[in-house]
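The primary structure of each chain is shown beneath.
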Protein chains: 2
Amino acid sequence: MRNFAVTMAYNGAAYHGFQRQDNGVTIQQTVEAAIKKLTGCEVGINGCSRTDAGVHANEFVFSVPIDSRIPCDGFVKGMNALLPTDIAILSCKETDSNFHARYSCKGKQYLYRIYTSEIRDVFSENTALHYPYTLNIPLMNEAAELLVGTHDFAAFCKAESLHLVKTTVRTVTEARVADNGKYTDIYVSGDGFLHNMVRIIAGTLIYISEGKRTAEDITAALETGDRERAGKTAPACGLYLNKVFY
Amino acid sequence: MRNFAVTMAYNGAAYHGFQRQDNGVTIQQTVEAAIKKLTGCEVGINGCSRTDAGVHANEFVFSVPIDSRIPCDGFVKGMNALLPTDIAILSCKETDSNFHARYSCKGKQYLYRIYTSEIRDVFSENTALHYPYTLNIPLMNEAAELLVGTHDFAAFCKAESLHLVKTTVRTVTEARVADNGKYTDIYVSGDGFLHNMVRIIAGTLIYISEGKRTAEDITAALETGDRERAGKTAPACGLYLNKVFY
């Protein structure tokens, strides 16, 4: 049995997230069906993370044990010919059998993309949040810095998912807001993320800009775990898994 | 009766072109339906041009005689609330009754957008041509210069549409290829355009890069009107009406 480490990108607008499910088409089942068609192998791919419905990936890694002699470059070309145009295989390499995209992962960077012009951009309707006001980026960056470090991020987790994790302590290594011309981009990196964590961080930083939350709220949210001290969960359409670190 | 000059942008991926037709949803009928809903007026809008199915507009002007007292800023806000997110009204101003978006138009600039990385971009599947090879931009620009000026562009017109025009002579004021980082962009400006003219110019310049056509073919195409001396019609997804001049 060989083990492939595969990097892909996808536009998640048309998918019910990464993970296979009974109701709705997901990235996982679409990719597994293409592998079956290309190699004849019934495989289960191991994704580096789950992404929610409508969330995108500039870089997403999966590992897959595969009983096939297909060369790696043939895998990339063949998959890209079979997959729909909103999923692209970027690279494939053969790796040792211990590599697992999720368990071997050392960290991830997410990007939350915001379009702030008054009138919406007809070309990014599903790939950025349209927020038609000016953002106070310096103020957001001051608040974002408070998130960096090892903290209990319970206040930044979807309430219904809190029982699914052993601990809500995570280490955030980067949280910053950048004016990238057409878009305002929020970058959040860390060793692991709770459900909706980046979307709640994005929503909180927008509330900071609006004066609906303050730096004190962020500190209190981290200390008390009170979801109310954080902001709203920002919509899925602006979120990208941007980089995966091993 | 007032007369509005309205500028809009649209992502044409989901539409059967600008012009109202019986089979398929078009930009025109979508906009007219929104105007009816907003103002109660049954109007016919006059577009600055027709765009084909799948073609986009960064700037498209229409004029509309309208028997309504709605203020211009209310028109912009109301329309953007009613229109689907792939159409956006950018501005509206009241103008004299002689203004007609098509007949008053002095010129237009089109953009043809090409994505040349080997692996497709999952975020521009319907908004750029994916051409996974290197383009010889200097060679394309040398050939593009031959198009500038007043010429008979019969060889750059869809054959089935030749009988619809009185003359195939047009003046092209700009034809150039630019490396814009992520995309290679072809800009073509002129006083008027034949059906598929920019898409055939784009396809011809790609053939120039591939060595399938030469500068001599362009000169011959302009002199003889022979469609075979030009290149293939490039796909609609890469084409944008970019600017309209009055």
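Residues numbered from 1 in each chain as written. Chains lettered and ligands numbered in written order. Predicted model: local features only at pLDDT ≥ 70, side-chain atom pairs only at ≥ 80, totals over all residues. Heavy atoms only, no water.

Engineer: Hey, could you run me through the confidence of the model for chain A in this one?
Structural biologist: Detailed reading of the predicted model is not advised wherever pLDDT is low. Of all residues in chain A, 100% have pLDDT values of 70 or greater, and the mean over the chain is 96. Two numbers describe this predicted complex: its pTM, 0.92, and its ipTM, 0.90. (pLDDT = per-residue confidence, 0-100.)

Engineer: Before we go on, may I ask you to explain the interface of chain B and chain A in this structure?
Structural biologist: Interface size is commonly expressed as the accessible area that is lost once the parts come together. Residue-level contacts link 25 residues of chain B with 25 residues of chain A. Around 1800 Å² of area is buried between chain B and chain A when both sides are counted, 59% of it from carbon and sulfur atoms. Our count for the chain B to chain A interface comes out at zero salt bridges. For the interface between chain B and chain A, the tally reads twelve residue pairs in polar contact (both at pLDDT 80 or more). (Contact = heavy atoms within 4.5 Å. Buried area = accessible area lost by both parts, 1.4 Å probe. Salt bridge = Lys/Arg side-chain N within 4 Å of Asp/Glu carboxyl O. Polar contact = N/O pair within 3.5 Å; in protein donor to acceptor, adjacent residues only side chain to side chain.)

Engineer: It is not clear to me how the packing of aromatic side chains should be interpreted in this structure. Could you clarify?
Structural biologist: Working definition: an aromatic ring pair is given by the centre-to-centre distance plus the angle between the planes. All names here are of chain A. Counted under the stated rule, the structure contains 18 aromatic pairs over all chains. Through a chain of ring-to-ring contacts, the aromatic side chains of Tyr-10, Phe-18 and Phe-60 assemble into a single cluster. The ring centre of Tyr-240 lies 6.0 Å from the NZ or CZ of Arg-113, which sits over that ring. (Phe/Tyr/Trp six-rings, centres within 6.5 Å; stacked < 30°, edge-to-face > 60°. Lys NZ or Arg CZ within 6 Å of the ring centre and 35° of its normal.)

Engineer: I would appreciate a short explanation of the environment of Gly149(B) in the present structure.
Structural biologist: By secondary structure assignment, the location of Gly149(B) is in strand E7 (residues 149-152). Those residues within four positions of Gly149(B) in sequence are excluded, and the remaining contacts are Arg170(B), Thr171(B) and Val172(B). (Helix = DSSP H or I, 4+ residues; strand = E, 2+ residues; numbered from the N terminus.)

Engineer: How should the environment of Ser49(B) be read in this particular structure?
Structural biologist: Residues and elements named next belong to chain B. Position of Ser-49 relative to the elements: it lies in the loop between strand E2 (46-47) and strand E3 (56-66). A C-alpha to C-alpha distance of 6.3 Å links Ser-49 and Arg-102, two positions 53 residues apart in sequence. The contact partners of Ser-49, leaving out residues within four places of it in the chain, are Phe-18, Phe-60, Lys-108, Tyr-110 and Leu-241.

Engineer: How should I be thinking about the side chain of Glu32(B) in this particular structure?
Structural biologist: Residue and element names in this part refer to chain B. Inspection of the secondary structure puts Glu-32 in helix H1 (residues 27-39). Separated by 2.9 Å, the side chain of Glu-32 and the backbone nitrogen of Ile-45 make a polar contact. Setting aside chain neighbours within four positions, we find Glu-32 in contact with Arg-20, Val-43, Gly-44 and Ile-45.

Engineer: Just to check I follow, could you spell out the pairing of strand E9 (residues 183-190) of chain A for this structure?
Structural biologist: Each regular strand displays side chains that alternate between the two surfaces of the sheet. Residues and elements named next belong to chain A. E9 sits mainly inside the fold: eight of its eight residues count as buried. Residues Tyr-183, Asp-185, Tyr-187 and Ser-189 line one face of E9 and the alternating positions Thr-184, Ile-186, Val-188 and Gly-190 line the opposite face, and both faces are buried. As defined by bridge partners, strand E5 (residues 107-115) adjoins E9 across seven bridges and the pair is classed as antiparallel. The partner of Lys-108 across the bridge, within E9, is Gly-190. Here strand E8 (residues 169-180) pairs with E9 via eight bridges, running antiparallel. For Arg-176, the partnering residue across the bridge sits in E9 and is Tyr-187. Counted along the chain from E8 to the antiparallel partner E9, the turn is two residues long, and its residue Gly-181 has a positive phi close to 80°. (Buried < 20%, exposed > 50% of the residue type's maximum accessible area, 1.4 Å probe, protein only. Pairing = 2+ DSSP bridges.)

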